[in-house]
Amino acid sequence: MKKSETGSIVKVFNVLLVTLVITALTVAVLYLLSDRNHRKFRLFTENGELNIERGKFLPTGFEPYIPKAESMKDVYQPIKLPKKLNYQMDEVFEDRFELDRTIFGIVVTIIRKQFDKNDRESIEQAKAYIDRLQKLPGLNVEQRKELTTLKADYSYSVGFQIINHISDSLNKAKQMFETSIRDGSSYTDKAKEWIKRLEKRITAYETAIEQDNKKDSDTSDQNSDGDSDDSSENDSSAKPSTTEQESKEQQQQENDLQLQNKQQKQQKPKSQKWRL
């Protein structure tokens, strides 16, 4: 074989080898970039909803996140935001733990607003959000504790709704008894007795509800006036020292007076003895 033919074969082999190496490196880089992008998550708002996406297995791009586990598919569905919650974001996270913790903070704000509405529909929506948060695997210890508090707050809200329902039911019963009396029922006397009993219970329930609402409004006012409360506490903290000093001086005066009276009593018998 001629040297020229051998040299050309070697050149072709070298070109093929370099091409294969470059191709392999390119594929490896693309794979690594795709794998890294696939581990990322995106959280953004659009059309009044909070949307969750996961990176495609490509160097760039995202798609709606649908977990493989059947029980987790509803957890990362778009979250409808309240109209009054003016929230805008478009953020990318390197892992799902960061995603879960950010979702938790946003949804907790929504839950609190649902509790503040204090109606049955809003409370049930809050419960649905709480059930959804429980499935998030990336929450930290503090968020798990806050989630327990939210479940307890839900129980309180349901209890308060039951009280409201009882009050409404009692009012309806009272109205029915009054109708029976007006229409000439044969149980008029019993109806009058029940009306008296119901009026006491209705008054008790409505008074309790009004007091609870007043406490809530007072608490919000106190939170807004936190600075003025701090200044008043500082003033009051300075007063006890003056009061304590006055108390000590008064106690000392009383002790001196008691000692003086004691001395006078001891001297009086002696003077009487001398006179005798």
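Structure's up top.
An account of the accompanying structure is given in this report. (Residues numbered from 1 in each chain as written. Predicted model: local features only at pLDDT ≥ 70, side-chain atom pairs only at ≥ 80, totals over all residues. Heavy atoms only, no water.)

Any empty space left between atoms is shown by rolling a water-sized probe over those atoms. This structure, assessed with the given rule, holds one cavity of 30 Å³ or more. If you add up the space inside the largest cavity, you get close to 40 Å³. Looking at the largest cavity, the residues that line it are Val75, Ile79, Ile103, Val107, Tyr129, Arg132, Leu133 and Leu136. Where the lining of the largest cavity is concerned, the elements lending two or more residues are α2 (96-117) and α3 (120-134). Top element by residues in the lining of the largest cavity is α3. It accounts for three residues. (1 Å grid on protein atoms, 1.4 Å probe; cavity = no way out; pocket = protein on both sides within 12 Å on 5 of 7 lines; lining within 4 Å. Points joined across faces, edges and corners; volume = space filled by probe spheres on them. Helix = DSSP H or I, 4+ residues; strand = E, 2+ residues; numbered from the N terminus.)

This next bit is on the nonpolar core. Membership of the largest hydrophobic core comes to 32 residues, with the highest contact counts inside it found for Leu43, Tyr76, Leu99, Ile103, Ile111 and Leu133. Elements with a contribution of two residues or more to this core: β1 (41-46), β2 (49-55), α2, α3 and α4 (141-182). In this view, Leu43 contacts Leu50, Asn51, Ile52, Met89, Asp90, Glu91, Phe93, Leu99, Thr102, Ile103 and Ile106; residues no more than four positions away in its chain are not counted. (Core = buried A, V, L, I, M, F, W, Y, C linked by side-chain atoms within 4.5 Å. Buried < 20%, exposed > 50% of the residue type's maximum accessible area, 1.4 Å probe, protein only. Contact = heavy atoms within 4.5 Å.)

This part takes up the pairing of β2. Judged by how many residues are buried, β2 sits mostly within the fold: five of seven residues are covered. The pairing of β1 with β2 spans six bridges and is classified as antiparallel. Residue Arg42 lies in a different strand from β2, and its bridge partner there is Glu53. Bridging between β2 and strand β4 (residues 79-80) involves two bridges; their strand directions are antiparallel. When the sheet's bridge partners are listed, Glu49 is paired in β4 with Lys80. Where β2 and strand β3 (residues 62-64) come together, three bridges link them in antiparallel fashion. Counted as the bridge partner of Gly55 is Phe62 from β3. Between β2 and β3, which pair antiparallel in sequence order, lie six residues; one of them, Gly61, sits at a positive phi of approximately 105 degrees. (Pairing = 2+ DSSP bridges.)

For the pair α3 and α4, interaxial distance at closest approach is 10 Å and the crossing angle is 160 degrees. One finds that α3 runs roughly antiparallel with respect to α4. For α3 against α4, the interelement crossing comes out left-handed. Mapping the contact onto sequence places Arg120, Ile123, Glu124, Lys127, Ile130, Leu133 and Gln134 in α3 and Arg144, Leu147, Leu150, Lys151, Tyr154, Ser157, Val158, Gln161 and His165 in α4. Here the residues of the contact of α3 with α4 sort into seven nonpolar, four polar and five charged. (Axes fitted to C-alpha atoms, helices over the stretch in contact; angles between N-to-C directions. Parallel < 35°, antiparallel > 145°, perpendicular 65-115°, else oblique. Left-handed = near helix turned anticlockwise from the far one by under 90°. Nonpolar A, V, L, I, M, F, W, Y, C, P; charged D, E, K, R; others polar.)

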